[in-house]
Structures are given as structure tokens and as C-alpha cells.
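Coordinate inspection notes
Chain by chain, the residues run as shown.
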Amino acid sequence: MAEHAVVVAGGGPTGMMLAGELALAGVDVAIVERRASQDLIGSRAGGLHSRTIEVLDQRGIADRFLSQGQVAQVAGFAWIRLDISDFPTRHNYGLGLRQNHIERILAGWVGELGVPIYRGRDVTGFEQDDTGVDVAVSDGLSLRARYLVGCDGGRSLIRKAAGIEFPGWDPTTSCLIAQVEMDQEPEWGLRRDAVGVQSLSRLEDGPVGVLVTEQQVGHTGEPTLRDLSEALIAVYGTDYGVHSPTSISRFTDMTRQAASYRERRVLLAGDAAHVHFPVGGQGLNIGVQDAVNLGWKLAQVVKETSPESLLDTYHAERHPVGARVLRNTMAQTALLRSGERIEALRDTMSELLSMDEPRKRFAGMMSGLDIHYDLGAGHPLLGRRMPDLDLVTANGPPRVFTLLHHARPVLLNLGEPVGFDITPWSDRVQLVDAEYAGVWELPVLGVVTAPTAVLIRPDGHVAWVGEGTDAGLRDALTNWFGSP
């Protein structure tokens, strides 16, 4: 039996990001992935939102993605464009980049960090006890881990075997997505009609990308070329001589969320924890952000720096984020339907979202830049993402995100040098004396009062704000980074 501190079931973007976070913290983590290679057949997610690019920048790997993708204003609400070019972030844009490329780049990073991947295997079951989890793998291999994390998608075996409920809403619409060849020139582009959402596009690697809404909901089997042909004929009056499919898959607007993201030593992240219609492109993004929220917490518990109760903050912080995505995707799905009443509503929403204040609120939500964890009352920065400021220090002019490359917390002192004594935590928390003379501005909220110090968690969120004193600092250090 092979042993690891953490086993991650699923090597998609969420699983890869989580493994990378744990490896940065020095935790022995392994991935079990059913695919024999990282190759991804078919269409999946198509881009990264601003906050996800920031998260990757916090680890020093954003350029790997930016160099491969197309910078674009991808934020939108039910296809109503939301410009974020005036947002106070270094990455006030989205990135068009297919999931197969995103996964390939993450796999390269994880490989550099030395994470083993058990490829061509499935987790088939597990049993947990007071000290760990015995994980059964499809080829007869057994793994022992202190924790198991299910990043194994919407049909998650880990979630089901853990007995975690998955409440939500049944599907009302069903779509086919495919990569195919066509004998005839199709009607290119996006459209909404009486049936639903349709799209025909030439993909970068040659085939035609098809998105077509089916006439009925409720098909449960694997979709066939005949299903695709019939759906195309129903919408376009022809199937354009469709043939030679590379991939055909079906998705719906089923909307569900795990009742709990943790069952003792088993945790969930990404699609295993929440599924929804892909409008707005939020699924992959919040999965990666789930991983970054969970990774440092799980690492501290594994290393016995923090008590197990720290893991409860993962559900407390990320479940509301997932719930909000479920609600906004249901709203967007309704707006994508056709009919004069829906068109009237879309016109109203378009007019509303052309105004600055509503645009900023919705764009902050869709881009992930407005995420706020409830850490109690206090300065507006508390619980929000730390801005990537250009600092001045004795060792040069680093950016804030540069200080987070190794996924270690930072106490950023912007007042008198050597103003804080964090000796009991010096092996866990970096103390950086710095100056910053610019304006402090947050997306959506705007300009906020400059603090004298901030305690930044490894995920880039602010855990404590100093306003001239160190009141509450020791409590914050103990709560988040263990006892002195």
C-alpha cells in the first residue's frame, strides 16, 4: 500500500491547482486521474476570469497562461458584455484559452513540483477512520492518505461515497456540444432562438465546434451522431452533412451544490461541489479558486500547525461563493431564453448594466474580483483580495503578488519599521517592512482608507488590518496560522 498525506481524485484544473498548492507547502500529495495522459478530447471551458489570473499571478505562473491565450473582455451576464477595463487590478481583462491548454500548463507546473500522478486509474471507493483514509483504485492499487479530496467532477464518486447530499434544481434545458466535420458551409456564429442557444464556429485545430440546444430534456444515454444531426436539423433545417465527430457530449442546466464541502477526512472542490449551466464561464474559475482557498489550510492541518477546525472555514467561505454562482447562472439561463417578454427583460437588463454602478457590481461578481469572506466587522479590506501594490522595500521594489509566490502568509508592515514582534510565528509568516504611497482602491467598493499593516493569507485574502496599532494581530495569527 502506497502512502501519501493527501490524495486528490481527479486531475483537471481544480485537482491540479490543489496539488500544486499542497506541494508548495511541502505536503506529500498525489493525484489519481482516469485519463492515461493530460490530453482532453472535446470542448470544455474556454477562458480565465480576472481573479483567476490574479491567483495564478500570486504563484508566479500567470505569464505561462497569458503567453498562450488571447486577452479579451470576457466578463458578461447572459451575453450582455461587462467591461472591466477600468477596474483597479493589474489584470483588468479575461483570457480566452481552451481548457486543454489550461490543463497542459498546470500539469507542467505540477510536474516541476514533483507531484506523482497515478494515471489511467479511477478511485473506486474508500474507507475513512480516525487517522486517515484507505483509498481503493481501479487497478487493485491501495493508497493510504490522511485526507482525500474529490475533484472528480459533477458525477463525483467521492461525494456520493461520502454520503454528502447534492440538493438543487433539475434541468430545464439540454445542449449538445461537439467537434465535427461538415460537408457544407454552416451558418457561423452565436444565436438565440425559440429553441435555445446555438453556436457554430471553426476551432483553432480545424474541426467545427457545435453547440446546439435539444428539443427535449431528459436524454440520459451517451449522445450519438444521430442525436446531433437531429438537433441541428430541428434548429437549422439541415445538419450540414455532419460527420466524423471527434467528440460529442451533453450538458444541461441542472444546478446543484454539495450540502457540505467536508465529511471528516474527505473534502470536495470544483464541480464535485457545485454544478451549473456554463453561461458566464465561471465553473473552472471557481474550482481553481476553491483549490487555492483549501490548499494552504489543508497543508497546515496535515503539518499539525493548525487544528482540524481550520478546515471548517473552507466550507464557510467557499459554499456562499458557489451558491451565488448557482443563483446568477440560473438568472442568466432565464435571460437566454427567447420570446417577447424575455427580450423586454433583456433590454431592461442591458440598459441597467450600461450604467456604471450596476456594471461594476455585476462585473465584480462575474470576474471574481469582489469576493468577500466574512471575517467580521472592520476595515473594508478585511476578507477581500489584497491589491497587487507596487511596494518599496529595503530589498527592492516587489509587487505584493511576488511575496506570495511560495504560498506563505505575509505580514506587510507599512508603518514604522520593526513595528511588530511575530517571533513565535516567524517560521510560518513573512514580515515585510514596506512603503506604499499610492491610493488604495478595491473593485466595486472604490477607494478605501490606507491601512498601516495587513496580514495576507496564502490565498491572497486579507486576514487582519492594522490601523495604527497591533490590536487583534496575535488572535488573527493564532486563528489562521496556528498557536505560537
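Residues numbered from 1 in each chain as written. Predicted model: local features only at pLDDT ≥ 70, side-chain atom pairs only at ≥ 80, totals over all residues. Heavy atoms only, no water.

**A few points about the overall build of the protein chain**
For the protein chain, the helix and strand inventory stands at 12 helices and 27 strands. Along the longest, intermediate and shortest principal axes, the C-alpha atoms of the protein chain span 75 × 60 × 35 Å. Of all intrachain contacts in the protein chain linking residues separated by at least 6 positions in sequence, the fraction that spans at least 24 positions is 69%. Each charge class in the protein chain can be summarised by its mean position, and for the 44 positive and 61 negative side chains these summaries are 1 Å apart. (Helix = DSSP H or I, 4+ residues; strand = E, 2+ residues; numbered from the N terminus. Contact = heavy atoms within 4.5 Å. Lys, Arg positive; Asp, Glu negative; His and termini not counted. Charge placed at Lys NZ, Arg CZ, Asp CG, Glu CD.)

**Things to note about the sheet that holds strand β18 (residues 255–257)**
Across the sheet, three strands lie side by side as β12-β18-β21; this open sheet has antiparallel pairing. A strand with exactly one partner marks an edge of an open sheet, and here the two such strands are β12 (168–169) and β21 (274–275). Looking at chain direction, β18 and β21 are connected through two bridges and run antiparallel. Paired with Q257 across the bridge in β21 is H274. Relative to β18, helix α8 (residues 312–336) is tilted by about 175°, and along the sheet it contacts β12, β18 and β21. (Pairing = 2+ DSSP bridges. Axes fitted to C-alpha atoms, helices over the stretch in contact; angles between N-to-C directions.)

**A closer look at the pairing of strand β1 (residues 2–9)**
Judged by how many residues are buried, β1 sits mostly within the fold: six of eight residues are covered. Of the strand pairs in this sheet, β1 and strand β11 (residues 142–150) are connected by seven bridges, and their pairing is parallel. Note on β11: the bridge partner recorded for V7 is L148. Relative to strand β2 (residues 29–33), β1 runs parallel, the two sharing four bridges. Within β2, the position partnered with V7 by the bridge is A30. Tracing the backbone out of β1, into helix α1 (residues 13–24) and back to the parallel element β2 gives a crossover that is right-handed. (Buried < 20%, exposed > 50% of the residue type's maximum accessible area, 1.4 Å probe, protein only. Right-handed = clockwise from strand over helix to strand, strands pointing away.)

**Observations concerning the sheet that holds strand β4 (residues 70–72)**
Sheet strands associate in pairs through backbone hydrogen bonding, adopting either a parallel or an antiparallel arrangement. Read across the open sheet, the three strands follow the order β3-β7-β4; overall the sheet is antiparallel. Among the strands making up the open sheet, the edge pair consists of β3 (47–48) and β4. Taken together, the two bridges between β3 and strand β7 (residues 94–96) define a ladder with antiparallel strand orientation. Paired with G47 across the two strands is G96, which belongs to β7.

**Observations regarding the nonpolar core**
Ranked by size, the top nonpolar core spans 85 residues in total, and within it V6, M17, F65, L148, L298 and L455 carry the most contacts. Broken down by element, this core gets its largest block of residues, 10 residues, from helix α7 (residues 283–302). By size, the runner-up hydrophobic cluster in this structure holds 21 residues, among which are L381, L382, L391 and L442. (Core = buried A, V, L, I, M, F, W, Y, C linked by side-chain atoms within 4.5 Å.)

**Focus: the pattern of salt bridges**
Evaluated as defined, the whole model comprises 36 salt bridges. Residue R385 pairs with E54 through a salt bridge whose shortest N-O separation is 2.7 Å. Linking R385 in the loop between α10 (356–367) and α11 (400–403) with E54 in helix α2 (residues 50–58), this pair joins segments that are 331 residues apart in sequence. This pair shows no difference in class: R385 is buried, exactly as E54 is. (Salt bridge = Lys/Arg side-chain N within 4 Å of Asp/Glu carboxyl O.)

**Description of the side chain of R144**
Among the secondary structure elements, R144 is positioned in strand β11. For R144, a relative accessible area of 16% corresponds to the buried category. A polar atom in the side chain of R144 sits 3.0 Å from the side chain of D129. Within the local environment of R144, its side chain forms a polar contact with the side chain of T131, the two groups lying 2.8 Å apart. Beyond its immediate stretch of four places on either side in the chain, R144 contacts M1, A2, E3, H4, D129, T131, G132, V133 and D134. (Polar contact = N/O pair within 3.5 Å; in protein donor to acceptor, adjacent residues only side chain to side chain.)

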